[in-house]
Amino acid sequence: MRGEAGLLDDLSALAIPFAAYEHVAVFTVAESDEVNAAIPGAHTKNLFLKDNGGAFWLVTLPGEARVDLKALPAAIGSKRVSFGKAEDMDRLLGIKPGSVTPLAAINAAPGSITVALDEGLAAADTVNVHPLRNTGTLGLSGAAILGLLRHWGHVPLVAAIPVQAV
């Protein structure tokens, strides 16, 4: 597992600009909202999922959205999904629950997981994600996230992630 130092090395080597923020650990929407208020850009919600065919997915969508898990499989081309187990998250991504981020793909073997990024985030100038831990945030462009995923050998999926009506 490469960890945060490897992530920062890759950002530097690829000359990807980013902003880094340190903050208290966040586990709930309320805690995230409080921290996010001080950080500019789009905020994210990240889901570690497993489909009925055994495939693993990491889905990133806007932080304020509530994903429609029944409609999600059709949008990303998967079978029915459920939340993945912490043991699988640790084994595949080297992270713990609460620290899910598309940047954890740095630790995943190509083909072991599909990272799906909401199309609005993919086009955003600043997308805020965890740097493999929930006590920090990195702000970088959606294009940079896609570039990093490709650099690590992944084929990212950009999709209209379905959300529930509020």
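Please read all numbers here as calculations on a predicted model, not as lab measurements.

The element strand β7 (residues 136-140) is largely enclosed, with a buried count of five among its five residues. Residues Gly136, Leu138 and Leu140 point to one face of β7 and Thr137 and Gly139 to the other, with burial holding for every one of them. Here strand β1 (residues 19-22) pairs with β7 via four bridges, running antiparallel. The residue of β7 that forms the bridge with Ala20 is Leu138. Note: strand β6 (residues 127-129) against β7, three bridges, orientation antiparallel. Within β7, the residue paired with Val127 across the bridge is Leu140. Counting the residues in the hairpin turn of β6 and β7 gives six residues, including Leu132, whose phi is positive at 80 degrees.

Take the side chain of Ser99 next. Within the fold, Ser99 resides in the loop between α4 (86-93) and β5 (114-118). In terms of polar contacts, Ser99 uses its side chain to reach the backbone amide nitrogen of Asn134, at 3.2 Å. Dropping the residues within four chain positions of it, Ser99 is found in contact with His130, Leu132, Arg133 and Asn134.

Taken as a whole, the largest pocket spans an internal volume of roughly 640 Å³. The set of elements that each furnish at least two residues to the lining of the largest pocket consists of α2 (29-36), β2 (42-51) and β6. Of the residues contributing to the lining of the largest pocket, the split by class is seven nonpolar, 13 polar and three charged.

Turning next to α4. Looking at α4, one finds that the buried residues are Asp88, Met89, Leu92 and Leu93. Across the axial projection of α4, the buried residues extend over an arc of 100 degrees, all falling on one side. Those residues of α4 that are buried are in contact with β2 and β3 (56-62). Directly beyond the C-terminal end of α4, a positive phi value near 70 degrees is found at Gly94.

Summed over all chains, the structure comprises five salt bridges. If you follow the salt bridges from partner to partner, you end up with Glu4, Glu22 and Arg133 in one network.

Before going further, it helps to spend a moment on unusual backbone geometry. Excluding glycine, a negative phi dihedral is what most residues carry, and trans is how most peptide bonds are arranged. Even without a glycine there, the phi angle at Ala15 is positive, about 55 degrees. Assignment of secondary structure puts Ala15 in the loop between α1 (3-13) and β1. Positioned with a positive phi, Leu132 is a non-glycine residue whose angle comes to about 80 degrees. Residue position: Leu132 is located in the loop between β6 and β7. Residue Leu132 is classed as buried on the basis of its relative accessible area, which comes to 13%.

This brings us to the pairing of β5. Within β5, four of the five residues are buried, which leaves the element mostly enclosed by the surrounding structure. Both β3 and β5 contribute to a ladder of four bridges, which runs parallel. Each bridged residue has a counterpart across the sheet, and for Thr60 the counterpart in β5 is Leu117. Alignment of β5 against strand β8 (residues 157-159), held across three bridges, turns out to be parallel.

Cut-offs applied
- Residues numbered from 1 in each chain as written.
- Predicted model: local features only at pLDDT ≥ 70, side-chain atom pairs only at ≥ 80, totals over all residues.
- Heavy atoms only, no water.
- Buried < 20%, exposed > 50% of the residue type's maximum accessible area, 1.4 Å probe, protein only.
- Helix = DSSP H or I, 4+ residues; strand = E, 2+ residues; numbered from the N terminus.
- Pairing = 2+ DSSP bridges.
- Polar contact = N/O pair within 3.5 Å; in protein donor to acceptor, adjacent residues only side chain to side chain.
- Contact = heavy atoms within 4.5 Å.
- 1 Å grid on protein atoms, 1.4 Å probe; cavity = no way out; pocket = protein on both sides within 12 Å on 5 of 7 lines; lining within 4 Å.
- Points joined across faces, edges and corners; volume = space filled by probe spheres on them.
- Nonpolar A, V, L, I, M, F, W, Y, C, P; charged D, E, K, R; others polar.
- Arc of directions from axis to C-beta.
- Salt bridge = Lys/Arg side-chain N within 4 Å of Asp/Glu carboxyl O.

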